[in-house]
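Observations on the three-dimensional arrangement
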Amino acid sequence: QVQLVESGGGLVQPGGSLRLSCAASGFTFRSYRMSWYRQAPGKERDMVARITSNGGSTNYADSVKGRFTISRDNAKNTVYLQMNSLKPEDTAVYYCNAVHYRGSALGDYWGQGTQVTVSS
């Protein structure tokens, strides 16, 4: 019933840009904090960007500050990640995560991931 479906990944050259989308369904999207995580080969899954349920605040990993922008459209039940000035070290599977603003016990959902490869 609950679905988070990522799209927009692919192969891009260093310095290029990509926009990821995560389409949500089956829950009250406006009540959920949305995050993007990524997992590179051989590494832990790390949070890269986060946005509050009402879009009032964002947070970014130091490694992506100034390059990535998270946004959401609650009318479309979609969260986005605009990635600019991409580097090879950004290569990873990117996952969408939703956590209820009142705590994970009320909802914690993950998408299936989308591959981003930055290579010349």
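Details of the structure are given in the entry above.
To keep things clear, this report deals only with the structure shown in the data block. (Residues numbered from 1 in each chain as written. Predicted model: local features only at pLDDT ≥ 70, side-chain atom pairs only at ≥ 80, totals over all residues. Heavy atoms only, no water.)

For strand E5 (residues 46–51), a buried count of 5 out of 6 residues is recorded, marking the element as mostly surrounded by other parts of the structure. Of the strand pairs in this sheet, strand E4 (residues 32–39) and E5 are connected by 5 bridges, and their pairing is antiparallel. For Met34, the partnering residue across the bridge sits in E5 and is Ile51. Linking E4 back to E5 in an antiparallel pair, the connection comprises 6 residues, with Gly42 at a positive phi of about 75°. Bridge count for E5 against strand E6 (residues 58–60) is 3 bridges, and the pairing is antiparallel. Bridging across to E6, Ile51 finds its partner in Thr58. (Buried < 20%, exposed > 50% of the residue type's maximum accessible area, 1.4 Å probe, protein only. Helix = DSSP H or I, 4+ residues; strand = E, 2+ residues; numbered from the N terminus. Pairing = 2+ DSSP bridges.)

Attention now goes to the state of the cysteines. A full pass over the atoms with the stated rule returns 1 disulfide. Disulfide pairing places Cys22 opposite Cys96 at an S-S distance of 2.1 Å. One quick way to see it: the torsion about the S-S bond of Cys22 and Cys96 is about -85°, and its sign makes the bridge left-handed. Taken together, the positions of Cys22 in strand E3 (residues 18–25) and Cys96 in strand E9 (residues 92–100) put the pair 74 residues apart, joining distant regions of the chain. Across this residue pair, the class does not change: Cys22 and Cys96 are buried. (Disulfide = S-S within 2.5 Å.)

What the rule picks out here adds up to 3 salt bridges. The salt bridge involving Arg38 is made with Asp90; its shortest N-O contact spans 2.9 Å. Taken together, the residues span a long stretch of sequence, with Arg38 in strand E4 and Asp90 in the loop between strand E8 (78–83) and E9 at a distance of 52 residues. The exposure class assigned to Asp90 is buried, which follows from its relative accessible area of 0%. Taking the shortest distance from any N to any O, the salt bridge between Arg67 and Asp90 comes out at 2.7 Å. Here the residue Arg67 occupies a position in the loop between E6 and strand E7 (68–73), and Asp90 occupies one in the loop between E8 and E9, the gap between them amounting to 23 residues. (Salt bridge = Lys/Arg side-chain N within 4 Å of Asp/Glu carboxyl O.)

This paragraph deals with the packing of aromatic side chains. Using the criterion set out here, one finds 5 aromatic pairs in the structure. Taken together, a centroid distance of 4.6 Å and an interplanar angle of 65° make the contact between Phe27 and Tyr32 edge-to-face. For Phe27, a relative accessible area of 13% corresponds to the buried category. When its relative accessible area of 4% is taken as the criterion, Tyr32 is described as buried. Members of the aromatic cluster, joined through ring pairs, are Phe27, Phe29, Tyr32 and Tyr109. (Phe/Tyr/Trp six-rings, centres within 6.5 Å; stacked < 30°, edge-to-face > 60°.)

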